[in-house]
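Here is how the chains run, residue by residue.
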Amino acid sequence: MVVCQKDPSTQAANQIGARWLGGGMLRALRPISVARDRIPLHRPKLGGEENLTMAGVTLDHITKKYGEVTAVNDLNIQIRDQEFLVLVGPSGCGKSTALRMIAGLEEITGGDLYIGDRRVNDVAPKDRDIAMVFQSYALYPHMSVYDNMAFGLKLRKRPKPEIERRVKEAGELLGLQNLLQRKPKQLSGGQRQRVALGRAIVREPQVFLMDEPLSNLDAKLRVETRAGLIKLHQRLQTTTVYVTHDQTEAMTMGHRIAVLRDGLLQQLDTPQTLYDRPANLFVAGFIGSPAMNFFPGQLTAETGGHDLWVQTSGLKLKLPESFRSNVSAHTGREIVFGIRPEHIKSKGEVRDPDPGRTATVNVSVVEPLGSEVYAYLSANGHEFISRMDATARPKPGETIETVFDTDHLHIFDKETEQALV
């Protein structure tokens, strides 16, 4: 049976993928790659400075095109053995396409893909030693939990005692040991997702691939399952590539995060580095909740260049001395400066505030959250959010004094959108 995938819908593709990965019921028709005179980015190998072992994954100049549309553009990522890497970005950024190329469900237009030390561009999905968990669960409704988890192993003709051992161990690991004889329709959404995880775990693969597995769960269950996935990875220590559009999931789960936009890698780093030192305007606005506040303005110098300021209509803030080396050459230029909500406080929360960091603002909306308050503020047409302590008690309609912690200010070039500091 030959199946040719031509830009399938996500649901159809996931169903096909589940059957492929479940045991090779289908085969993909793949062209032979044309040799190219190009030096690879790096090839995972035992030992070496990268410390990439046999379960490392390398995407080396990977590109995917659908006709004239480029879904993934020259993607270079090295995923370390036992790492939990998250691909994050808005819809249409190419994150799921990149994951499906790793799985073998999408043909690679250009570049090389390695799992361990093996180039797998032309290797069938069933032979890549990976297991995939889909957003839609893709469980067989007529089979029990046990049979769903064991199905792929039965297709591979594994010995019955081995199948029973693997399913039992996975069931205990996921808290499904008392549900093994139930059908999927008798399970909650969270239990179904755990069955889908169990089906992947029993494979004992080199790499787990997860495509937004928590998207169908309600908010409370999503938080619980997220914590469960983190514990699961800590126990199994299997290399995992996880796709999500939810930056909260990315920040809480990933060892490193790859932020994508329009098929291009924007930044790859640890969650804290992305939060503290975003490489550009997009990453700064995408990572963090509530999002960073942005103000178009200018970088100016006063007192003979000794004092540096950022200013926009109705707002002028003095920069700390530590910024001088990075931004002094850009004085007079149009910039965008940003600050996170937690770095804007009411004047009463700060002892001896610097007058160069204060601003008078109007309060429009207040969202009390118990231990803290989100205050929606405005100053001369600029609207922004402050994350204050609950003791600040701002009230809608009043005018208050605020303090901007400019030690945590971010400055971006207006034209390139790249970070200056």
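Reference entry: report on the structure contained in this document.

What counts and what doesn't
Residues numbered from 1 in each chain as written. Predicted model: local features only at pLDDT ≥ 70, side-chain atom pairs only at ≥ 80, totals over all residues. Heavy atoms only, no water. Salt bridge = Lys/Arg side-chain N within 4 Å of Asp/Glu carboxyl O. Buried < 20%, exposed > 50% of the residue type's maximum accessible area, 1.4 Å probe, protein only. Helix = DSSP H or I, 4+ residues; strand = E, 2+ residues; numbered from the N terminus.

**A look at the pattern of salt bridges**
A side chain of one charge can pair with a side chain of the opposite charge when the charged atoms of the two come close.
Here's step 1: Evaluation of the coordinates by the stated rule reveals 21 salt bridges.
Here's step 2: Lys-154 is paired through a salt bridge with Asp-147; the nearest N and O atoms lie 3.1 Å apart.
Here's step 3: Its relative accessible area of 40% is what places Lys-154 among the partly exposed residues.
Here's step 4: Between Arg-357 and Asp-405 there is a salt bridge, with the nearest N and O atoms lying 3.7 Å from each other. One end of the pair, Arg-357, is in the loop between β17 (344-346) and β18 (358-368); the other, Asp-405, is in the loop between β21 (399-404) and β22 (410-413), with 48 residues separating them in the sequence.
Here's step 5: Looking at Arg-357, the relative accessible area reads 18%, which means it is buried.
Here's step 6: Asp-405 sits in the partly exposed class, given a relative accessible area of 23%.
Here's step 7: The network of salt bridges with common partners includes Arg-158, Glu-162, Arg-166 and Glu-204.

**A short note on unusual backbone geometry**
Here's step 1: In this structure, the amide linkage connecting Ser-289 to the following residue, Pro-290, adopts the cis form with an omega of -5°.
Here's step 2: Turning to its location among the elements, Pro-290 is positioned in the loop between α9 (281-286) and β13 (293-302).
Here's step 3: With a phi angle near 55°, His-61 is a residue other than glycine that sits in the positive phi range.
Here's step 4: Assessed through its relative accessible area of 24%, His-61 is described here as partly exposed.
Here's step 5: Not every positive phi belongs to a glycine, and Asp-262 is a case in point at roughly 55°.
Here's step 6: Relative to the helices and strands, Asp-262 resides in the loop between β11 (256-261) and β12 (264-269).
Here's step 7: For Asp-262, a relative accessible area of 57% gives the class exposed.

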